[in-house]
Each structure stands twice: as C-alpha cells, then as structure tokens.
Amino acid sequence: MFEEIFGQIGDFTPAIIAGFGLTLGIQHAFEADHIAAVCTQITNSNTIQSKKQLVKSSLTKSSLLGAVWGAGHTTTLILVGLLVYGFTFTLQKEVFSGFEFLVGLMLILLAITRITNKSILKIKHRHPHVHRDGSIHFDEHNHNDKNHSHNHKSYLIGMIHGLAGSGTLIVMTSGAIHSLTTTLMFIGIFGIGSIIGMSLIGGLIGIPFGLSNNIKVKTIMRYLTGSFSFVLGMTIVYQIGIIENLFRF
C-alpha cells in the first residue's frame with residue numbers, strides 16, 4: 001500500500017510530501033508499543049506542590065520525555081534511510097523482525113522495572129548534574145537517583161524502537177519517491193511528526209499523575225501502565241518468536 005502511495009506522490013510538490021510525512025509521523029506516534037514505552041518512563045513526583053503546580057510540572061516533564069523519545073526514534077530512521085538509499089545498503093526482513101523481537105523484550109523489561117519500581121540493572125555512571133540545593137557535581141550515581149532526570153534513557157529507547165515496526169516500513173517504502181533528497185526530507189519530516197505526536201502523548205499521560213497526590217492511586221497507575229507494557233511485550237515476543245518462527249525452530 002505504501003509503495004503505491006509513494007509512487008503516486010513522487011512527482012508532487014515538496015509541500016504536499018512534507019504534509020503527508022508530518023501526518024504519518026504524528027499518527028505513527030500513537031501506536032500501542034510507543035505509548036507503552038513512554039508510560040513506563042513517567043515518574044511519580046513526591047514533592048509537595050499545589051495541584052496546579054503538579055499538573056504543570058508533570059505535563060512539562062512527560063511532554064519532554066515523549067519528545068526525547070521521538071528524537072531518538074527519528075535519529076534511527078534517518079540513519080536507516082541513509083544506509084539504504086544513500087549507501088545502497090541491503091537490509092533483510094529478518095533483521096527488522098529481530099529488532100521487533102528486541103522491542104518486545106525491552107517492553108517486558110521496562111514493565112518489570114515499572115511494576116517493581118526498581119532498576120534491574122544497577123547501572124552507575126558519571127556526568128554533571130544539579131542537586132536541589134543548586135550544587136553541581138560530576139560524580140558516580142545510580143540511575144534511580146531522583147535528584148535529576150535521565151532523558152538519555154528515553155532517547156536510547158526511542159532509537160531501539162526506530163529499528164522496528166511500521167516506522168522502518170515507512171522508511172523502506174519511501175524509496176519509491178525516486179529522489180534521495182526528497183526521500184530523506186520525507187523521513188526527517190516523518191520523524192518530526194513522531195516527535196510532535198510523542199510529545200502530545202507524553203503530556204496526556206502525565207496529566208493523571210499530576211492530578212493525584214495519593215500514593216495508592218499513583219501505585220495503581222504504575223501497576224496498570226506496567227501491566228500494559230508487559231502484556232504488549234509478551235504479545236510481540238510470541239508473535240515474532242513463535243508465530244513467525246524468527247529463530248526457525
């Protein structure tokens with residue numbers, strides 16, 4: 001279907017192609033596995049703030065998280081586009097199925113960390129960060145340090161997602177436009193659309209967390225988002241690994 005559409009718009013104006021790419025990108029952001037990935041990364045704020053401040057803070061942080069995820073996703077799509085159309089690099093369907101399987105495993109891992117509210121991998125690293133008292137340190141810390149955010153985690157998860165699913169399908173079929181410059185422009189605008197869409201999704205998901213100061217309510221919401229991610233991850237793993245027989249058992 002996509003090849004027919006791209007073949008027809010190949011001679012259209014850049015404005016029409018850009019609008020089409022932006023629309024597809026925004027729509028692409030609303031896929032279930034993308035929503036699940038963002039859900040598992042939104043944290044619960046335990047600071048004492050007014051209801052208005054909590055909603056504003058949650059909306060801002062979750063929107064930023066979604067946008068960073070989208071940026072990582074876009075990075076991968078552009079790199080794949082350059083490899084395939086710029087350097088004529090051939091990628092087999094099994095490769096993308098493998099990445100899809102990896103996404104399923106990642107959703108399961110994110111779900112476990114979400115439900116248990118603990119990091120499975122006790123990763124420590126060093127980078128400058130600001131504490132609440134305004135002091136800046138360049139020291140080693142755990143990833144569960146609540147004094148600062150880890151948006152680079154969302155970026156990495158977005159990059160992994162960019163290797164699988166319909167986003168890669170869009171990239172692979174967009175070559176029917178028959179112009180490297182236009183194709184890469186389309187992929188880039190598609191990515192911008194996904195950033196906008198994920199920012200909207202992140203903001204919408206973050207609002208309920210900002211509306212409630214009740215620990216029990218937030219715990220239930222954490223379990224729900226974690227369970228959603230776990231079920232979806234298991235479904236992807238089963239579909240790719242068993243039904244499509246990825247490993248050729």
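All values derive from a computational prediction rather than experimental measurement.

Rules used throughout
- Residues numbered from 1 in each chain as written.
- Predicted model: local features only at pLDDT ≥ 70, side-chain atom pairs only at ≥ 80, totals over all residues.
- Heavy atoms only, no water.
- Helix = DSSP H or I, 4+ residues; strand = E, 2+ residues; numbered from the N terminus.
- Buried < 20%, exposed > 50% of the residue type's maximum accessible area, 1.4 Å probe, protein only.
- Contact = heavy atoms within 4.5 Å.
- Areas by Shrake-Rupley, 256 points an atom, 1.4 Å probe, with all protein chains shown as cover.
- Expected span 1.5 Å × (residues − 1).
- Arc of directions from axis to C-beta.
- Axes fitted to C-alpha atoms, helices over the stretch in contact; angles between N-to-C directions.
- Parallel < 35°, antiparallel > 145°, perpendicular 65-115°, else oblique.
- Left-handed = near helix turned anticlockwise from the far one by under 90°.
- Core = buried A, V, L, I, M, F, W, Y, C linked by side-chain atoms within 4.5 Å.
- Nonpolar A, V, L, I, M, F, W, Y, C, P; charged D, E, K, R; others polar.
- Patch = residues over 30% accessible without salt bridge, like charges linked within 9 Å, V, L, I, M, F, W, Y side chains within 5 Å.
- Salt bridge = Lys/Arg side-chain N within 4 Å of Asp/Glu carboxyl O.

Some points on the overall build of the protein chain
If you tally the helices and strands in the protein chain, you get nine helices and two strands. Along its sequence from the N terminus, the protein chain presents helices and strands in the succession α-α-α-α-α-β-β-α-α-α-α. Taken over 249 residues, the protein chain has a buried fraction of 41%. Considering only intrachain contacts with a sequence separation of at least 6, the fraction spanning at least 24 residues in the protein chain is 77%. For the protein chain, the accessible surface area stands at approximately 13,400 Å², while carbon and sulfur atoms represent 68% of it.

Section: helix α2 (residues 14-29)
With 16 residues, α2 extends 22 Å from end C-alpha to end C-alpha; this agrees with the ideal 22 Å at 1.5 Å per step. Regarding α2, the residues found buried are Ile17, Ala18, Gly21, Leu24, Gly25, His28 and Ala29. Each buried residue of α2 lies within a common arc of 135 degrees when the element is viewed along its axis, so the set occupies one face. Exposed residues lying more than 90 degrees from the buried face of α2 are Ala15, Thr23 and Gln27.

Remarks on the packing of helix α3 (residues 32-39) against helix α9 (residues 215-243)
Where α3 contacts α9, the two axes come as close as 9 Å, and the packing angle between them is 140 degrees. The angle between α3 and α9 falls in the class oblique. Seen from above, α3 lies across α9 with left-handed handedness. On α9, the residues touching Ala32, Asp33, Ile35, Ala36 and Cys39 of α3 are Thr225, Phe228, Ser229, Leu232 and Ile236.

Some thoughts on the nonpolar core
Of all hydrophobic cores here, the largest spans 26 residues; its most connected members are Val38, Trp69, Leu107, Ile157, Met198 and Ile205. Looking at this core, the elements that each hand over two or more residues are α3, α4 (51-86), α5 (93-116), α8 (180-211) and α9. The element best represented in this core is α5, accounting for six residues. Not counting chain neighbours up to four residues away, the residues in contact with leucine 107 comprise Asp33, Ala36, Ala37, His161, Ser229, Phe230, Leu232, Gly233 and Ile236.

What about the packing of α5 against α9?
It is the contact of α5 with α9, at a shortest axis distance of 7 Å, that shows an interaxial angle of 155 degrees. Our classification of the angle between α5 and α9 gives roughly antiparallel. You can see that α5 and α9 cross each other, and the crossing is left-handed. Per-class residue counts for the contact of α5 with α9 are 14 nonpolar, eight polar and three charged.

A closer look at a nonpolar patch on the surface
Residues Ile78, Leu79, Leu82, Leu83, Phe87 and Phe89 make up a contiguous nonpolar surface patch of about 550 Å² in total accessible area. Note on placement: leucine 83 falls in helix α4. Using a relative accessible area of 36% as the deciding quantity, one classes leucine 83 as partly exposed.

A word on the environment of alanine 29
Inspection of the secondary structure puts alanine 29 in helix α2. Counting along the chain gives 44 residues from alanine 29 to histidine 73, while the straight-line C-alpha distance between them is 9.9 Å.

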